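Observations on the three-dimensional arrangement
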Amino acid sequence: MRFNGLLEPLRQSKEFLNIKKSMEEKRYPISLYGISESSKAYIIDAIYEEEKKKNFFIISHSDLEAKNMYEDLSLYIPEIYYFPTKEVVFYNIDAVSGDLRWERLKVIKEMISDNKKVIVTSVEALSSKYTPVELYKKYNLKYKVGDVLNTKQLTEKLIQSGYERMQLIDGKGQFSVRGGILDIYPPISSTPFRIELFGDEIDSIRSFNVESQRSIEKVDEIEIFPAKEMILNSDEIQKGYNLIKEDLENFISNHKGKEHKEMVNKLKGMVNSNLESLKESWNFETIDSYLPYFFDKPSSFFDFMEDGIIIIDDIQRSIGKLESIYYEFEENYKSFLERGDILPRQGSLLISKENIIDQLGSKETLTLNSIVKSNNYLKPRTVESFSEITLTSYGGKLDLLIGDIKDKKSKGYKIVILSGTRPRGERLVEALRDKGIESSYKDIVSKIEYGEVVVTFGNQIKGFEYPELKVCLISD
């Protein structure tokens, strides 16, 4: 734990000991008040370090706040990932998502792994339906040197999991087969790989430069994760094809009047084009919005969580955001349906809001709030309040910083100053000494005495202090 010295007063406080006891006794939901800005990461890290096995899922009310939380938590926790949400739309999803797809797939891969980690996302991620979790696990392929590899079977699996076959690969999500050589660029990798076969046995695996085609280094094994979030085998393709066709025919039979002719013809043309692409290439550009046609039991985000700890930042704003998500989706759905741009079953892309509330209430959930508010959704069984002050920016003025440090030092605070980089931190130590403040630079703040000033690398969006704990973190 890099900031053990700063966390120790919090872990010994009666408030934190009550939280720990409530978690041990499963008295959820737990509501924490008086916490704002960057101090949320401080509290979360202390809770995370106490829980030895379970994953943590941090849910914020917006992507911006989720990103801020991710940045702040990155100071404390190395094994942390930000899951960007993808707006549920009925038009060209691939064009909208871009590199976002690779980021999402990377985090999905981490979510199904056994490693302890923290996932940060916005509440919008809870509303979507996903490809069944078991398919991500099934299509997470691993090969090592010496394994027998059937290129025909692997090619079929790669196409099912969203890879595009090329003569020569030039980007993520592509593969090529030339004789006894298979090139592949998994979305979770920073480089493509070349698998060389001797007969049907893997003779070597090398990473290589996609532009020069030159090898970078030999590796013993490779992990191939799906290149798209929709994973479809031949049975699911046929099932989806039949249901889409059936939904189209039902829509046409219910709109036989002359006033619907233009809309019906428009929808027929679009859907038939999609069906043709589905038969030929198992894919079309808006296929994500057709997910309900392919899976009887799609997964929710909660299926990825299993028995993880959920921490919701500002429960009232998060539920308010959920309500706006469902309202906007319903309005868009009606508009697209009336124009003949979508089929009826495409309105089943979200799980119900009631389901989300029920799931949150049945799991190990904590909420973080800056002020005490009435909560109509998750009635807390445990409530704890903290006294925290968010520090204002010093605007680069060293004299203001010096004055603040001297004041807190005289009160016996444990003071940690974040300097961004190590060289800048070492220079800051010298500047503080010139101003009569003794301090030291440490990469790992494992121990810090009351009245001591420690400078270390890293950033937080804002600094904070807990007067009762006598701890202070300064980030400017």
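Residues numbered from 1 in each chain as written. Predicted model: local features only at pLDDT ≥ 70, side-chain atom pairs only at ≥ 80, totals over all residues. Heavy atoms only, no water.

Moving on, we get to the overall build of the chain. Secondary structure summary: the chain contains 17 helices and 21 strands in total. Overall, the chain is about 80 × 60 × 45 Å in size when its C-alpha atoms are taken along their principal axes. Within the chain, buried positions represent 53% of all 476 residues. Counting contacts in the chain only where the partners sit at least 6 residues apart, residues at least 24 apart contribute 73% of the total. Accessible surface, the chain as shown: approximately 22300 Å² in total, 46% of it carbon and sulfur. (Helix = DSSP H or I, 4+ residues; strand = E, 2+ residues; numbered from the N terminus. Buried < 20%, exposed > 50% of the residue type's maximum accessible area, 1.4 Å probe, protein only. Contact = heavy atoms within 4.5 Å. Areas by Shrake-Rupley, 256 points an atom, 1.4 Å probe, with all protein chains shown as cover.)

A few words on the sheet that holds strand E10 (residues 201-208). Pairing between the strands of a sheet is mediated by backbone hydrogen bonds and can be parallel or antiparallel. Ordered in space as E6-E7-E8-E9-E10-E11, the six strands form an open sheet in which the pairing is mixed. Both outer strands of the open sheet, strand E6 (164-165) and strand E11 (215-219), are each paired with one neighbouring strand and no more. (Pairing = 2+ DSSP bridges.)

What follows covers the nonpolar core. Ranked by size, the top nonpolar core spans 82 residues in total, and within it Phe83, Met111, Leu126, Phe294 and Phe301 carry the most contacts. Tallying contributions element by element places helix H14 (residues 315-339) first for this core, with eight residues. Excluding its chain neighbours within four sequence positions, the residues that come into contact with Phe83 are Arg104, Val107, Ile108, Met111, Ile119, Val120, Thr121, Ala125, Tyr130 and Phe301. Leu6, Ile77, Leu418 and Val454 belong to the second-largest nonpolar core, a separate cluster that totals 45 residues. (Core = buried A, V, L, I, M, F, W, Y, C linked by side-chain atoms within 4.5 Å.)

All right, on to the sheet that holds strand E19 (residues 453-456) then. Overall, mixed pairing links the six strands, which are arranged E16-E20-E21-E17-E19-E18 in an open sheet. In this open sheet, the two edge strands, each paired with only one partner strand, are strand E16 (389-390) and strand E18 (440-441). As judged from the four bridges shared by strand E17 (residues 414-418) and E19, these two strands associate in the parallel manner. By the bridge assignment, Ile417 is partnered in E19 with Val455. In the packing of helix H3 (residues 39-50) onto the sheet, the strands contacted are strand E20 (464-466) and strand E21 (471-475), and the crossing angle to E20 comes to about 55 degrees. Across the sheet, helix H16 (residues 398-410) lies against E17, E19, E20 and E21, angled at about 155 degrees from E17, the strand it touches most. (Axes fitted to C-alpha atoms, helices over the stretch in contact; angles between N-to-C directions.)

Inspection of the entire model under this criterion finds 16 aromatic pairs. Centroid distance Tyr42 to Tyr466: 5.6 Å. Interplanar angle 40 degrees. Geometry classified as tilted. You can see Tyr42 sitting in helix H3 and its partner Tyr466 sitting in strand E20, a full 424 residues away along the chain. Owing to a relative accessible area of 0%, Tyr42 belongs among the buried residues under this scheme. Since its relative accessible area comes to 1%, Tyr466 is described here as buried. With a centroid separation of 6.1 Å and an interplanar angle of 85 degrees, the aromatic rings of Phe57 and Phe301 are classed as edge-to-face. Here Phe57, found in strand E2 (residues 56-60), pairs with Phe301, found in helix H13 (residues 301-305); they are 244 residues apart in sequence, far enough to count as distant. Using a relative accessible area of 1% as the deciding quantity, one classes Phe57 as buried. (Phe/Tyr/Trp six-rings, centres within 6.5 Å; stacked < 30°, edge-to-face > 60°.)

A separate point is the pattern of salt bridges. The tally for this structure, following the rule as stated, stands at 30 salt bridges. In this structure, the salt-bridge partner of Lys40 is Asp313, at a minimum N-O distance of 2.7 Å. With a gap of 273 residues between them, Lys40 in helix H3 and Asp313 in strand E13 (residues 309-313) connect regions that are remote in the sequence. In this structure, Glu465 engages Lys408 in a salt bridge whose closest nitrogen and oxygen atoms are separated by 3.2 Å. Taken together, the residues span a long stretch of sequence, with Glu465 in strand E20 and Lys408 in helix H16 at a distance of 57 residues. Classification of Glu465 by relative accessible area gives buried; the value is 9%. Residue Lys408 is classed as buried on the basis of its relative accessible area of 4%. Residues joined in a network through salt bridges with shared partners are Lys86, Arg104, Glu229 and Asp288. (Salt bridge = Lys/Arg side-chain N within 4 Å of Asp/Glu carboxyl O.)

By themselves, these observations are geometric and do not establish any function.
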